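Examining the three-dimensional arrangement
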Amino acid sequence: MIRDDLSSKLVHLVRGETIEDSSRKFENILTEGRLRGGTGYIKGKYTCVCFTETPISKLGYVLANPDVAEMRYRPLGIMVDKEYVFRKGGRPAIYQPDVDFQKLPEELRYRHVRFELDRDPPHSSIDLTWEREWRLHADELILPPEATTVIVPKRDWRDILVERHAKDVQRQVQGIGGDAALAVVPYPWHIIVLEDLGIPIPDGL
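Residues numbered from 1 in each chain as written. Predicted model: local features only at pLDDT ≥ 70, side-chain atom pairs only at ≥ 80, totals over all residues. Heavy atoms only, no water.

Right, let's get into the overall build of the chain. Summing up its helical and strand segments, the chain has five helices and 11 strands in all. Of the accessible surface of the chain, which amounts to about 11,800 Å², a share of 52% is contributed by carbon and sulfur atoms. (Helix = DSSP H or I, 4+ residues; strand = E, 2+ residues; numbered from the N terminus. Areas by Shrake-Rupley, 256 points an atom, 1.4 Å probe, with all protein chains shown as cover.)

Take a look at the structure:
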């Protein structure tokens, strides 16, 4: 059965206080070829690499969600095969009230995400299930080219990445005394442009 709300991929969106901050983080990911784990928004401060299993075609809904203003997601990211992350130990988040956190075995607590539908004190309604989050409890995830897709907002971002890669290859060839004009090495990762999917991109990106 084919459903447009399911995907065999997972997406890691870059966060940043500013466009410049998110762009710098994005470039670091590509340079290092890995996603680094963090502890933000994770109860217990477990170090995790986080993803959404929302299909790429539905990312517009995620980016348009009012809660994104607080989460500061940007239309920049990395998409990886769900099977690859699963083999590394990644699993879906467990959405539940905070009072249930201690009921989880220690080895599962990194997957806890607060979920409250009680608006009465001392609680408030908290529903982040729209994120459809996956977590990998690890310091980093290496990004193999065969399982990785780069997500950029607009075509000029794609063009910059490809041109920068070509220039880097030419410099390396020149460094060993070769003919830079003959240096042709394809960009290592597939690139998806969000505006080509009809996803509206804010001005400035």
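For the rest of this paragraph, the subject is the environment of Ala 93. Positionally, Ala 93 belongs in the loop between strand S5 (91-92) and strand S6 (94-96). Accessibility expressed as a relative area gives 13% for Ala 93, which makes it buried. Residues Ala 93 and Arg 111, 18 residues apart in the sequence, show an inter-C-alpha distance of 4.6 Å. Apart from the residues lying within four places of it in its own chain, the contact partners of Ala 93 are Arg 111, Val 113, Glu 133 and Trp 134. (Buried < 20%, exposed > 50% of the residue type's maximum accessible area, 1.4 Å probe, protein only. Contact = heavy atoms within 4.5 Å.)

Our next topic: the packing of aromatic side chains. Taken as a whole and assessed by the stated rule, the structure comprises one aromatic pair. Between Phe 26 and Trp 157, the aromatic rings sit 6.3 Å apart at their centres with planes inclined by 65°, giving edge-to-face as the arrangement. With Phe 26 in helix H1 (residues 19-32) and Trp 157 in helix H5 (residues 155-175), the pair connects residues that are 131 residues apart, well separated along the chain. On the basis of relative accessible area, Phe 26 is assigned to the buried category, the value being 1%. The aromatic ring of Phe 101 is capped on one face by Lys 43, whose charged end is 5.2 Å from the ring centroid. Sitting over the face of the ring of Phe 86, Arg 91 holds its NZ or CZ atom 3.8 Å from the ring centroid. (Phe/Tyr/Trp six-rings, centres within 6.5 Å; stacked < 30°, edge-to-face > 60°. Lys NZ or Arg CZ within 6 Å of the ring centre and 35° of its normal.)

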